[in-house]
Amino acid sequence: MPGAGLEDVVAAATAISDIDGKLGRLFYVGYDIHDLAPNSTFEEVVYLLHHLALPTQGELDKLTDNLISERDLNPWVAALMPTFASESSPMSMLRTTVSAMSAHDPDGWDNSAEANYRKAMRLISRLPNAIGSYHRLRNGLEPLRPNPKLTHAGNLLWMITGEEPDEDAARVMDICLILHADHTMNASTFAARVAASTLSDIHSAMTAAIATLKGPLHGGANEAVMKMLLEIGDPSKAPDYIRKALAEKKKIMGFGHRVYKTEDPRATHLRRLSKEIGERIGDMRWFEISQAIEQTVMEEKGLYPNVDFYAASVYYCLGLPIDLFTPIFAASRVAGWTAHAREQYADNRLIRPESEYIGPRNQSYRPIDQRG
Ligand code: COA
């Protein structure tokens with residue numbers, strides 16, 4: 001039987017992304033994340049993940065225009081938002097919204113490759129609107145119209161905060177979206193591919209992915225990190241806090257990774273962004289607490305930070321509400337999830353693993369009135 005948690009099991013062949021866990025490297029279609037993060041844009045990465053090649057300027061313009069033109073929510077979906085805002089947590093809202101979006105997608109139940117590409121672009125385009133509308137409604141505010149002059153990242157900030165971001169803030173968000181866009185066979189991508197492998201529709205595959213990302217051992221860790229930073233409150237208190245938590249056998253959120261045995265390359269960029277944004281807004285507290293935690297966890301456990309650790313302070317300094325950190329992760333990862341679902345459809349075989357039975361055998365059935 002494979003290791004618990006399917007460790008080391010290869011569940012699919014993919015041309016979308018690749019990790020070298022020993023060297024701490026991540027590639028999208030063979031392009032190093034260390035080249036993509038400083039030089040690319042989220043829109044370009046969406047193209048790369050879906051077309052398995054970098055776009056020409058014309059191709060990028062076409063995809064960008066498409067993403068901008070699809071930003072409005074269907075009125076039926078928009079009408080659900082007030083109920084979500086009063087009744088539902090952000091990730092539950094997102095999961096159910098994406099599921100609901102299937103009812104009014106212009107391509108209906110067409111599961112052709114062409115329709116699935118259009119559906120994928122719509123999903124990528126609309127998630128920031130769903131998150132922003134929900135957030136504003138729960139604060140008693142009217143949802144905003146998407147701003148076609150802004151990039152995908154800039155529009156995401158606009159729809160949530162209600163402020164047009166400056167170029168620096170929009171670029172920080174853009175890099176965060178690039179870094180979260182895909183990550184091989186993580187739990188949510190696996191969930192998406194399992195659903196797609198039954199030839200269920202792409203909205204169902206995305207619903208499964210969001211449900212899986214919701215858990216604190218996957219996407220939910222970034223929120224838990226920020227709560228920990230707030231609880232610690234001061235860099236000098238971090239070492240004792242961490243030692244006590246480890247002595248109590250608690251997991252420190254934002255550390256450890258199934259695949260990386262060294263630094264997660266995404267954390268390298270997010271650490272830098274956390275420092276830079278702290279300097280820019282004149283509040284280094286969250287970066288400094290993060291550094292103190294990182295040092296203590298390394299001393300005590302030899303563990304490296306993962307993508308969620310420094311993302312927390314970056315998002316917080318961008319003015320994003322803590323309980324939207326995981327939906328924002330989803331707003332980026334939907335680029336990878338949809339690419340993986342399309343890859344699965346293109347060369348499909350039902351994903352159906354075996355299990356090892358460990359229960360009792362050969363039991364004799366007794367009628368209910370004879371059971372003691
Ligand atoms: N804090 C403290 N100890 C940790 C740890 C953490 N964040 N992550 C791993 N460890 C320890 C485990 O306790 C275990 O130690 P042991 O062998 O002494 O029991 C060992 O490292 C292996 O951990 P394990 O949980 O088996 O690794 P995994 O591959 O199953 O899990 C994660 C990987 C990411 C789920 C795990 O590291 C974790 O829970 N991290 C915190 C949540 C998080 O940040 N998730 C986001 C992932 S991108």
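Everything below is about the structure shown above.
So, here is what we can say about the structure in this document. (Residues numbered from 1 in each chain as written. Predicted model: local features only at pLDDT ≥ 70, side-chain atom pairs only at ≥ 80, totals over all residues. Heavy atoms only, no water.)

**Notes on the sheet that holds strand β3 (residues 31-32)**
The condition that has to hold: At least two DSSP bridges between two strands are needed for those strands to be called paired. Counting from the N terminus, the helices are DSSP H or I runs at least four residues long and the strands are E runs at least two residues long.
Spatially, 3 strands are ordered β1-β2-β3 in an open sheet, and the strand pairing comes out antiparallel. Edge strands, defined here as strands with exactly one partner in the open sheet, are β1 (17-20) and β3. Note that β1 and strand β2 (residues 25-28) share 4 bridges and pair antiparallel. Bridge pairing in β2 links Asp18 to Phe27.

**A look at the layout of surface pockets**
Here is the rule we go by: Each cavity reported here is a set of points on a 1 Å grid over the protein atoms alone in which a 1.4 Å probe fits but cannot get out, each pocket an open set with protein on both sides within 12 Å along at least five of seven lines, and each lining residue one with an atom within 4 Å of a point. Grid points are joined across faces, edges and corners, and a volume is the space filled by probe spheres set on the points.
What the largest pocket holds in volume is close to 1,600 Å³. Here the lining of the largest pocket takes 3 residues from β1, the largest share from any one element.

**What to know about empty space enclosed by the protein**
Convention followed: Following the grouping adopted for this structure description, the nonpolar residues are Ala, Val, Leu, Ile, Met, Phe, Trp, Tyr, Cys and Pro, the charged ones are Asp, Glu, Lys and Arg, and the polar ones are all others, Gly among them.
Tallied over the entire structure, the rule returns 2 cavities of 30 Å³ or more. Put simply, the largest cavity is a space of about 50 Å³. Of the residues assigned to the lining of the largest cavity, the class counts are 3 nonpolar, 2 polar and 1 charged. Sorting elements by how many residues they give to the lining of the second largest cavity places helix α6 (residues 113-138) first, with 4 residues. Of the residues assigned to the lining of the second largest cavity, the class counts are 2 nonpolar, 1 polar and 4 charged.

**Concerning the pairing of β1**
Definition in use: Partly exposed describes any residue whose relative accessible area lies between the buried limit of under 20% and the exposed limit of over 50%, with all areas from a 1.4 Å probe on protein chains only and scaled to the type maximum.
Side chains of β1 alternate between two faces, with Ser17 and Ile19 buried and Asp18 and Asp20 left unburied. Where β1 folds back on β2, the antiparallel hairpin that results is connected by 4 residues, among which Gly24 adopts a positive phi of roughly 70°.

**Let's talk about the nonpolar core**
Note the cut-off: Put simply, buried Ala, Val, Leu, Ile, Met, Phe, Trp, Tyr and Cys residues joined by side-chain atoms within 4.5 Å make one nonpolar core. We call two residues in contact when some of their heavy atoms are within 4.5 Å.
Ranked by internal contacts, the top residues of the largest apolar core, which has 101 residues, are Met173, Met206, Ile293 and Leu318. Met206 has contacts with Val98, Leu123, Ala192, Val334, Trp337, Thr338 and Ala341, leaving out every residue within four places of it along the chain.

**Description of the packing of helix α2 (residues 42-51) against α6**
What counts is decided by this rule: The angle between two axes is taken between their N-to-C directions and runs from 0 to 180 degrees, where each axis is a line fitted to C-alpha atoms and a helix contributes only its stretch in contact. Should an angle lie under 35 degrees it is considered roughly parallel, over 145 roughly antiparallel, and from 65 to 115 roughly perpendicular; all remaining angles are considered oblique. Should the near helix be turned counterclockwise from the far one by less than a right angle, the crossing is left-handed, whereas a clockwise turn marks it as right-handed.
Where α2 contacts α6, the axes come no closer than 12 Å and their chain directions differ by 155°. By the angle class used here, α2 and α6 are roughly antiparallel. Note that α2 runs across α6; the crossing there is right-handed. Contacts from Phe42, Val46, His50 and His51 of α2 reach α6 at Tyr117, Ala120, Met121 and Ile124. Tallied by class, the residues present in the contact of α2 with α6 amount to 6 nonpolar, 2 polar and no charged.

**Structural notes on the packing of aromatic side chains**
The line we're drawing: Two rings belonging to Phe, Tyr or Trp (six-membered ring only in the last case) form a pair when the distance between their centres is within 6.5 Å. Interplanar angles under 30 degrees mark stacking, angles over 60 mark edge-to-face geometry, and anything in between is tilted.
Per the counting criterion, the structure on display carries 5 aromatic pairs. Each ring, one from Trp286 and one from Tyr316, has its centre 5.3 Å from the other, and the planes form 75°; the classification is edge-to-face. With Trp286 in helix α14 (residues 285-301) and Tyr316 in helix α15 (residues 307-317), this pair connects stretches of sequence that are 30 residues apart. Here the aromatic rings of Phe309 and Tyr310 are separated by 5.0 Å at their centres, their planes lie at 80°, and the arrangement is edge-to-face. What makes Phe309 buried here is its relative accessible area of 0%. Site record: aromatic cluster; members linked through ring pairs are Phe255, Phe287, Phe309 and Tyr310.

**Some points on α15**
Since there are 3.6 residues in each turn of an α-helix, residues three or four apart along the chain are aligned in direction. Note the threshold: Any pair of N or O atoms that falls within 3.5 Å is considered a polar contact. Within protein, one atom must be able to donate a hydrogen and the other to accept it, and sequence-neighbouring residues count only if both atoms are side-chain atoms.
For α15, the tally of buried residues reaches 10 of 11 residues, placing the bulk of the element in the interior. Among the residues making up α15, those that are buried are Val307, Asp308, Phe309, Tyr310, Ala311, Ala312, Ser313, Val314, Tyr315 and Cys317. Among the residues of α15, the N-terminal cap falls to Asn306, whose side-chain oxygen and the backbone nitrogen of Asp308 are separated by 3.0 Å. One or two residues past the end of α15 sits Gly319, with phi positive at roughly 85°.

**A look at helix α3 (residues 57-69)**
The condition that has to hold: A helix is expected to span 1.5 Å multiplied by its residue count minus one. To be clear, the arc concerns the directions from the helix axis to the C-beta atoms.
Across its 13 residues, α3 extends 18 Å between first and last C-alpha, which sits within 8% of the 18 Å expected from 1.5 Å per residue. Leu60, Leu63 and Leu67 are the residues of α3 that are buried. An end-on view of α3 places all buried positions within 65° of arc, on one side of the element. In α3, those exposed residues whose orientation departs by more than 90 degrees from the buried face are Gln57, Lys62, Asp65 and Ser69. As for α3, its buried residues are in contact with α2 and α6.

**Focus on the pairing of β2**
Pairing analysis gives 2 bridges linking β2 to β3, with the strands arranged antiparallel. If you follow Tyr28 over to β3, its bridge partner there is Tyr31. Once β2 ends, the chain turns through 2 residues before running back antiparallel as β3, passing Val29 with a positive phi of about 50°.

**Focus: the site of the ligand**
To keep it simple, the criterion reads: To be near a molecule or strand, a residue needs just one of its heavy atoms within 4 Å of it. Each accessible area is a Shrake-Rupley result for a 1.4 Å probe, and residues are judged covered by the shown protein chains and nothing else.
The local shell around the ligand holds 16 residues, among which Lys251, Ile252, Gly254, Phe255 and Arg258 are the closest. Between the ligand and Lys251, the relevant distance is 2.4 Å, taken from an oxygen atom to a side-chain nitrogen or oxygen of the residue. A total of 850 Å² of accessible area belongs to the ligand in isolation, and the protein chains cover 63% of it.

**Points about a positive patch on the surface**
To be explicit about the condition: Note on patches: the residues involved have over 30% relative accessible area and no salt bridge, like charges join within 9 Å, and the nonpolar side chains Val, Leu, Ile, Met, Phe, Trp and Tyr join within 5 Å. Between Lys or Arg on one side and Asp or Glu on the other, a salt bridge is scored when a side-chain nitrogen of the former is within 4 Å of a carboxyl oxygen of the latter. For this count, His and the chain ends are skipped, Lys and Arg are scored as positive, and Asp and Glu as negative. For charged residues, the charge sits on one atom: NZ in Lys, CZ in Arg, CG in Asp, CD in Glu.
A cluster of basic residues, Lys249, Lys251, Arg258, Lys261 and Lys301, forms a positive patch at the surface. For Lys249, the location among the structural elements is in the loop between α12 (238-247) and α13 (265-281).

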